[in-house]
There are 2 protein chains.
Amino acid sequence: MIYTSPAIEAAIEALSSLPTIGRKSAQRMALHLLRQPPEHVEKLASALTTMRAKVQYCATCFNFSEEDICPICASPKRNHRVICVVEEPSDVFAIERSGDYSGVYHVLHGLMNPLEGVSAGDLKVKELIRRLDGEMDEIILALSPTIDGEVTAQYIARLLKPIGIRVTRIARGVPVGSELEFVDDATIARALQSRVTA
Amino acid sequence: MIYTSPAIEAAIEALSSLPTIGRKSAQRMALHLLRQPPEHVEKLASALTTMRAKVQYCATCFNFSEEDICPICASPKRNHRVICVVEEPSDVFAIERSGDYSGVYHVLHGLMNPLEGVSAGDLKVKELIRRLDGEMDEIILALSPTIDGEVTAQYIARLLKPIGIRVTRIARGVPVGSELEFVDDATIARALQSRVTA
């Protein structure tokens, strides 16, 4: 049996719940924090709880936001006639990082997966439809090039066809089978530029 | 300019201060925490602040401890006639993990480095000498096989020689130039077994 203090053990266990953090990394983090001034640890802890308490979904695009309407949806500098549809808030981060997009977003919060029983009703699809009006120029489907991404993109494209809005998909510059979140900025920029009609 | 909410940005920045966590990993962690129930985030935050508030140094061995005397130093099951001298609390974790050691520890909190002006006075060396009495069987120097580790081990070995206690060093089963903390358990166990007189 390995000895650690219950308080250190509790911190290691809590840190291990973070994505990609195994027990050894969590242990390193805990020991690192024990060397910091208490104020530093307090600041980290309160940054996390403050974030969780303040941040909600934007009522328009469902990205994370501190306000009812997120700064992108509220910005007069963004092109509100173009909506880029993504799976997760992390994909908004990725596309913003590419610096190649000036429209707005719509976060589905998942992808359809018939085998696992995830249907369009579980995603923010009807919320997307509700946003559309005669003013809309284009819907860009920027979903991961996986099977679930394909299914969801085809479903939304078919749904939007009768409405008569131009629906495009980002080009397969992105490696098939990868997660959009991890694609490099240049590739994302290129895939946006060479998007094709769905 | 990439948009993130100030609260998310503050959390990402705080998480980036953790060892081995870059901006992208910190971002992944923040977005992960935003998907958790607020209670989960509160629990993580309070585990960190509680740990920092409760944990101090053991008055005997200077390992991290919630009590004045740590459970290892307080345990009648450990052999108090053998002290294993290590650089950092993380090395105690590593040696305990190997399951091959039943003595007690002494944490130096650093290694001597003449070039950077770190001398024996900056480490818990005199606290080690103070612990020694006629009852002592052996001091095991389990310091990283780096130049600083060598310098420190030789200094302590020379210091202890007149006292007449057996001083050993863990064998060079551990790859030269590596950090002890990252060595695998089996190698640490073997290095302890084949320790040699200093």
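Calculation criteria
- Residues numbered from 1 in each chain as written.
- Chains lettered and ligands numbered in written order.
- Predicted model: local features only at pLDDT ≥ 70, side-chain atom pairs only at ≥ 80, totals over all residues.
- Heavy atoms only, no water.
- Helix = DSSP H or I, 4+ residues; strand = E, 2+ residues; numbered from the N terminus.
- Buried < 20%, exposed > 50% of the residue type's maximum accessible area, 1.4 Å probe, protein only.
- Contact = heavy atoms within 4.5 Å.
- Areas by Shrake-Rupley, 256 points an atom, 1.4 Å probe, with all protein chains shown as cover.
- Lys, Arg positive; Asp, Glu negative; His and termini not counted.
- Charge placed at Lys NZ, Arg CZ, Asp CG, Glu CD.
- Pairing = 2+ DSSP bridges.
- Right-handed = clockwise from strand over helix to strand, strands pointing away.
- Salt bridge = Lys/Arg side-chain N within 4 Å of Asp/Glu carboxyl O.
- Buried area = accessible area lost by both parts, 1.4 Å probe.
- Polar contact = N/O pair within 3.5 Å; in protein donor to acceptor, adjacent residues only side chain to side chain.
- Nonpolar A, V, L, I, M, F, W, Y, C, P; charged D, E, K, R; others polar.
- Axes fitted to C-alpha atoms, helices over the stretch in contact; angles between N-to-C directions.
- Left-handed = near helix turned anticlockwise from the far one by under 90°.
- Least-squares fit on C-alpha atoms with pLDDT ≥ 70 in both.
- Expected span 1.5 Å × (residues − 1).
- 1 Å grid on protein atoms, 1.4 Å probe; cavity = no way out; pocket = protein on both sides within 12 Å on 5 of 7 lines; lining within 4 Å.
- Points joined across faces, edges and corners; volume = space filled by probe spheres on them.

A. Main features of the overall build of chain A. The secondary structure content of chain A amounts to eight helices and seven strands. A buried classification covers 55% of the 198 residues belonging to chain A. Across chain A, contacts joining residues at least 24 apart in sequence account for 56% of those joining residues at least 6 apart. As presented, chain A carries roughly 9,300 Å² of accessible surface, and 53% of it is formed by carbon and sulfur atoms. Between the mean site of the 22 positive side-chain charges and the mean site of the 25 negative ones, chain A shows a separation of 3 Å.

B. Region of the structure containing the pairing of strand S6 (residues 166-169) of chain A. Residue and element names in this part refer to chain A. Note: strand S5 (residues 138-141) against S6, four bridges, orientation parallel. Looking at S6, one finds that Ile140 is bridged to Thr168. Taking the sense of rotation as the criterion, the β-α-β connection linking S5, helix H7 (residues 147-160) and S6 turns out right-handed.

C. Spatial organisation of the pattern of salt bridges. According to the stated counting rule, one finds 16 salt bridges over all chains in the structure shown. In this structure, Arg35(B) engages Glu88(A) in a salt bridge whose closest nitrogen and oxygen atoms are separated by 2.1 Å. One end of the pair, Arg35(B), is in the loop between helix H2 (23-34) and helix H3 (38-54); the other, Glu88(A), is in the loop between strand S3 (79-86) and helix H5 (89-98), on a second chain. With a relative accessible area of 39%, Arg35(B) lands in the partly exposed category. The shortest N-O distance in the salt bridge between Arg166(A) and Glu138(A) comes to 3.6 Å. One end of the pair, Arg166(A), is in strand S6; the other, Glu138(A), is in strand S5, and 28 residues separate them in sequence. Owing to a relative accessible area of 43%, Arg166(A) belongs among the partly exposed residues under this scheme.

D. Just the pairing of strand S4 (residues 103-107) of chain A, in detail. Residues and elements named next belong to chain A. Burial analysis of S4 places five of its five residues in the buried class, the great majority of the element. The pairing of S3 with S4 spans five bridges and is parallel. Looking across to S4, one finds that Ile83 is bridged to Val104.

E. Representation of unusual backbone geometry. Despite not being glycine, His109(A) has its phi angle at roughly 60°, a positive value. Of note, His109(A) is situated in the loop between S4 and helix H6 (125-131). Classification of His109(A) as buried rests on a relative accessible area of 16%. The phi torsion at Phe62(B) lies on the positive side, around 65°, for a residue other than glycine. Mapped onto the elements of the fold, Phe62(B) is located in the loop between strand S1 (56-57) and strand S2 (64-65).

F. Spatial organisation of the interface of chain B and chain A. If you look at the interface, chain B gives 60 residues, while chain A gives 59 residues. The junction of chain B with chain A conceals about 5,700 Å² of combined surface from both sides, 71% of it contributed by carbon and sulfur atoms. Counting the contacts that link chain B with chain A gives two salt bridges. Counting the contacts that link chain B with chain A gives nine residue pairs in polar contact (both at pLDDT 80 or more). Of all the secondary structure elements, the ones that give two or more residues to the side of chain B that touches chain A are helix H1 (6-16), H2, H3, S2, helix H4 (71-74) and helix H5 (89-98) of chain B. For the side of chain B that touches chain A, the leading source of residues is H3(B), giving twelve residues. In the side of chain B that touches chain A, the residues fall into 36 nonpolar, 13 polar and eleven charged.

G. Representation of the packing of H5(A) against H2(B) in the model. As a packed pair, H5(A) and H2(B) sit with axes 10 Å apart at the nearest point and diverge in direction by 150°. In the packing of H5(A) onto H2(B), the handedness of the crossing is right-handed. On H2(B), the residues that touch Pro89(A), Ser90(A), Phe93(A) and Arg97(A) of H5(A) are Lys24(B), Gln27(B) and Leu31(B). Looking at the contact of H5(A) with H2(B) residue by residue, the class counts come to three nonpolar, two polar and two charged.

H. Representation of the relation of the copies chain B and chain A within the structure. With an axial shift of 0.0 Å and an RMSD of 0.1 Å, the rotation relating chain B to chain A amounts to 180°. With respect to symmetry, the two chain copies, as superposed, fit the operation of a two-fold axis. Taking the C-alpha atom as reference, chain B places Ala45(B) closest to the rotation axis, 2.2 Å from it. An overlap of 98% is found between the interface residues of chain B and their copies at the interface of chain A, pointing to a shared contact surface.

I. Quick peek at helix H7 (residues 147-160) of chain B. For H7(B), which comprises 14 residues, the first-to-last C-alpha distance of 20 Å matches the rise-based estimate of 20 Å (1.5 Å per residue) to within 8%. Taken as a whole, H7(B) has its buried residues at Gly149(B), Glu150(B), Thr152(B), Ala153(B), Ile156(B), Ala157(B) and Leu160(B).

J. Representation of the layout of surface pockets. Approximately 260 Å³ is the volume attributed to the largest pocket. Lining of the largest pocket is provided by 14 residues; of these, Glu88(A), Ser90(A), Glu181(A), Arg28(B) and Arg35(B) occupy positions nearest its centre. Mapped by element, the contributors of at least two residues to the lining of the largest pocket are H5 of chain A together with H2 of chain B. Across the lining of the largest pocket, the residue classes break down as five nonpolar, two polar and seven charged.

K. How the structure looks around the environment of Gly110(B). All names here are of chain B. Looking at where Gly110 falls in the secondary structure, it is placed in the loop between strand S4 (103-107) and helix H6 (125-131). A sequence separation of 44 residues divides Gly110 from Gln154, and the C-alpha atoms of the two residues are 15 Å apart. Other than its neighbours up to four places away in sequence, Gly110 contacts Glu87, Glu88 and Leu123.

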